[in-house]
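Coordinate analysis (summary)
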Amino acid sequence: RATTDKAQTSGTDTMAAQFGTTPAFALIDGIRVLVEISLANTVETPTLDVNGTGPKDIIRADGGAIGVGTLTASGFFEMVYDSLQFLPVYIRLDQ
C-alpha cells in the first residue's frame, strides 16, 4: 500500500490526490491507493494523479469506461494501478 491513510481528491474529472506521508511514492504495477472522492465525476474518462506522477485513466476492470457519477462525492475508493491505469477495486459509498 502507498499508505495506511487515505487522501482526498481535488477536481472532478482530472482528480489529484496527495499522500504527504509517502515521500518516495512511485507508480508500480499493483500499487493500491485509497482515495475519498471530493466531487463526483462528470465524464466517463476521469483520471487520477497521485503525488504528481501524472494523470492516469480510471477504467472498469473489463477495460470499459466508467459511468458518469460512478465516483460519487464522499465515496471511498480503493484503486489499483496496473502499469497503465487505475482500476477501482473496492467501493464504499456513504449512505
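Residues numbered from 1 in each chain as written. Predicted model: local features only at pLDDT ≥ 70, side-chain atom pairs only at ≥ 80, totals over all residues. Heavy atoms only, no water.

Let us look at the pattern of salt bridges. A side chain of one charge can pair with a side chain of the opposite charge if their charged atoms are brought near each other. The full count for this structure, using the stated rule, is two salt bridges. Between Glu78 and Arg32 there is a salt bridge, and its shortest N-O distance comes to 3.9 Å. Of the two residues, Glu78 sits in strand S6 (residues 76–81) while Arg32 sits in strand S3 (residues 32–36), which places them 46 residues apart along the sequence. Of the residues examined, Glu78 reaches a relative accessible area of 10% and is grouped as buried. The residue Arg60 makes a salt bridge to Asp62 at a minimum N-O spacing of 2.7 Å. The exposure class of Asp62 is exposed, given its relative accessible area of 58%. (Salt bridge = Lys/Arg side-chain N within 4 Å of Asp/Glu carboxyl O. Helix = DSSP H or I, 4+ residues; strand = E, 2+ residues; numbered from the N terminus. Buried < 20%, exposed > 50% of the residue type's maximum accessible area, 1.4 Å probe, protein only.)

Strand order in this open sheet of three strands is S2-S4-S5, and the pairing throughout is mixed. In this open sheet, the two edge strands, each paired with only one partner strand, are strand S2 (14–17) and strand S5 (56–57). Strand direction decides the pairing type here: strand S4 (residues 47–50) and S5, joined by two bridges, are antiparallel. When the sheet's bridge partners are listed, Thr47 is paired in S5 with Asp57. (Pairing = 2+ DSSP bridges.)

This paragraph deals with the nonpolar core. Val33, Val35, Leu48, Leu71, Met79 and Phe86 are the most contacted members of the largest nonpolar core, which has 18 residues in total. Among the secondary structure elements, those contributing two or more residues to this core are S2, S3, S4 and S6. At three residues, the largest contribution of residues to this core is made by S6. (Core = buried A, V, L, I, M, F, W, Y, C linked by side-chain atoms within 4.5 Å.)

Our focus in this paragraph is the side chain of Thr47. For Thr47, the position within the fold is in strand S4. Sequence-distant contacts of Thr47, that is, excluding residues within four places in its chain, are made with Asp13, Thr14, Met15, Pro55, Lys56, Asp57 and Ile58. (Contact = heavy atoms within 4.5 Å.)

Here the focus is the side chain of Asp13. Structurally, Asp13 can be placed in the loop between strand S1 (7–8) and S2. In terms of polar contacts, Asp13 uses its side chain to reach the side chain of Thr42, at 2.5 Å. Contacts of Asp13, omitting those with residues within four sequence positions, involve Asn41, Thr42, Val43, Pro46 and Thr47. (Polar contact = N/O pair within 3.5 Å; in protein donor to acceptor, adjacent residues only side chain to side chain.)

A large share of S6 lies buried, amounting to six of its six residues. Taken together, the five bridges between S3 and S6 define a ladder with antiparallel strand orientation. Paired with Glu36 across the strands is Phe76, a residue of S6.

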